[in-house]
Amino acid sequence: MERASSPAVLQAARTLWNFHLIYDELSEVDVIIGLGSYDLRVADRCAELFHQRLAKKILFTGKTGNWTNNLFDGSEAEAFARRAKERFVPADAILIEPQATNIGENILFSRAMAKGQVGRIIIVTKPQTQRRAYATVRAQWPEVSALVTAPMTPFEEQPIEAYPFEMFVHEMVGDVQRIRDYPSKGFQIAQSIPASVADAFDFLVKEGYHHHL
């Protein structure tokens with residue numbers, strides 16, 4: 001973490017973190033879908049699941065965004081594919097969707113690539129975007145059976161140099177707002193937000209963590 005944060009901020013951030021986690025029990029599926037981001041550990045997790053023989057294909061999806069324009073050579077999907085190959089995933093087992101710019105597009109464009117041939121998937125994303133991915137896939141790809149997982153990264157280790165603690169908290173706050181607001185737009189299924197999470201959200205917004213709202 002790039003600077004000391006107050007105990008209250010850390011506690012509130014950890015409350016949001018725990019809310020965002022899903023970690024479904026996994027089983028064999030048709031394809032593993034890795035959602036692009038700044039976090040190459042997602043590609044590592046996809047490679048791990050591939051080597052556990054949970055799927056014969058990995059589809060990486062993602063263009064570039066505000067935090068990855070200068071981070072990778074090419075799209076997020078291409079960077080994740082390179083990383084998976086470094087983890088001994090064969091090139092012919094990897095599919096690339098390089099146009100999606102948000103989680104909704106990740107799901108919709110992956111669905112379009114599947115062309116109705118996929119019945120079961122594993123979504124792999126950052127730990128703190130699992131709940132948003134869960135709600136999105138159930139709203140926008142309802143006919144598929146989807147499991148959600150992420151790298152097994154502890155809270156303290158999720159921030160990295162390219163995406164430090166301040167940005168990490170801004171992201172989690174923004175995603176709580178999206179979980180609250182997006183169901184009415186048809187982007188996600190509705191989910192209940194516990195009072196402790198709502199209180200942590202309000203506190204962090206007042207503390208200035210509102211850049212992703």
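All figures in this text were calculated on a predicted structure; none of them were measured in a lab.

The rules we used
Residues numbered from 1 in each chain as written. Predicted model: local features only at pLDDT ≥ 70, side-chain atom pairs only at ≥ 80, totals over all residues. Heavy atoms only, no water. Helix = DSSP H or I, 4+ residues; strand = E, 2+ residues; numbered from the N terminus. Rg over C-alpha atoms; globule rule 2.2 N^0.38 Å. Buried < 20%, exposed > 50% of the residue type's maximum accessible area, 1.4 Å probe, protein only. Areas by Shrake-Rupley, 256 points an atom, 1.4 Å probe, with all protein chains shown as cover. Lys, Arg positive; Asp, Glu negative; His and termini not counted. Charge placed at Lys NZ, Arg CZ, Asp CG, Glu CD. Salt bridge = Lys/Arg side-chain N within 4 Å of Asp/Glu carboxyl O. Pairing = 2+ DSSP bridges. Right-handed = clockwise from strand over helix to strand, strands pointing away. Axes fitted to C-alpha atoms, helices over the stretch in contact; angles between N-to-C directions. Contact = heavy atoms within 4.5 Å.

Bringing the overall build of the protein into the picture now. A count of helical and extended segments in the protein gives 7 helices and 5 strands. Radius of gyration (C-alpha) of the protein: 17 Å, near the 17 Å computed for a compact globule of 213 residues. Here the C-alpha coordinates of the protein stretch approximately 50 × 35 × 30 Å along the principal axes. Burial analysis of the protein (213 residues in total) assigns 51% to the buried set. Carbon and sulfur atoms make up 50% of the accessible area of the protein, which totals about 10000 Å². Distance between charge centres in the protein, computed from 23 positive and 26 negative side chains, equals 4 Å.

Summed over all chains, the structure comprises 9 salt bridges. E156 is paired through a salt bridge with R14; the nearest N and O atoms lie 2.6 Å apart. Taken as a pair, E156 in the loop between β5 (145-149) and α6 (165-181) and R14 in helix α1 (residues 7-20) lie far apart in primary sequence, 142 residues in all. What makes E156 partly exposed here is its relative accessible area of 45%. Of the residues examined, R14 reaches a relative accessible area of 34% and is grouped as partly exposed. A salt bridge links D44 to R87, with the shortest nitrogen-to-oxygen separation between them at 3.3 Å. Of this pair, D44 sits in helix α2 (residues 41-51) while R87 sits in the loop between α3 (76-86) and β3 (94-97), and the two are 43 residues apart along the sequence. Accessibility expressed as a relative area gives 32% for R87, which makes it partly exposed.

This brings us to the pairing of strand β4 (residues 120-124). Counted residue by residue, β4 has 4 buried out of 5 residues, so it is predominantly covered. In this structure, strand β1 (residues 31-35) lies alongside β4, joined through 4 bridges in parallel fashion. Bridging across to β4, G34 finds its partner in V124. With 5 bridges joining them, β4 and β5 adopt parallel strand pairing. Paired with V124 across the strands is T149, a residue of β5. With respect to chirality, the unit in which β4 leads through helix α5 (residues 130-140) into the neighbouring parallel β5 is right-handed.

To continue, consider the sheet that holds β3. On the basis of which strands lie adjacent, the open sheet formed by 5 strands has the order β3-β2-β1-β4-β5 and parallel pairing. Either end of the sheet is taken by a strand with one partner, and the two such strands are β3 and β5. Pairwise comparison of adjacent strand axes, ignoring direction, gives a mean angle of 25° for this sheet. Here β1 pairs with strand β2 (residues 58-61) via 4 bridges, running parallel. Residue I32 lies in a different strand from β2, and its bridge partner there is I58. Relative to the sheet, α2 contacts β1, β2, β4 and β5, its axis offset from that of β1 by approximately 170°. Sheet contacts for α5: β1, β4 and β5; angle to β5, the most-contacted strand, approximately 170°.

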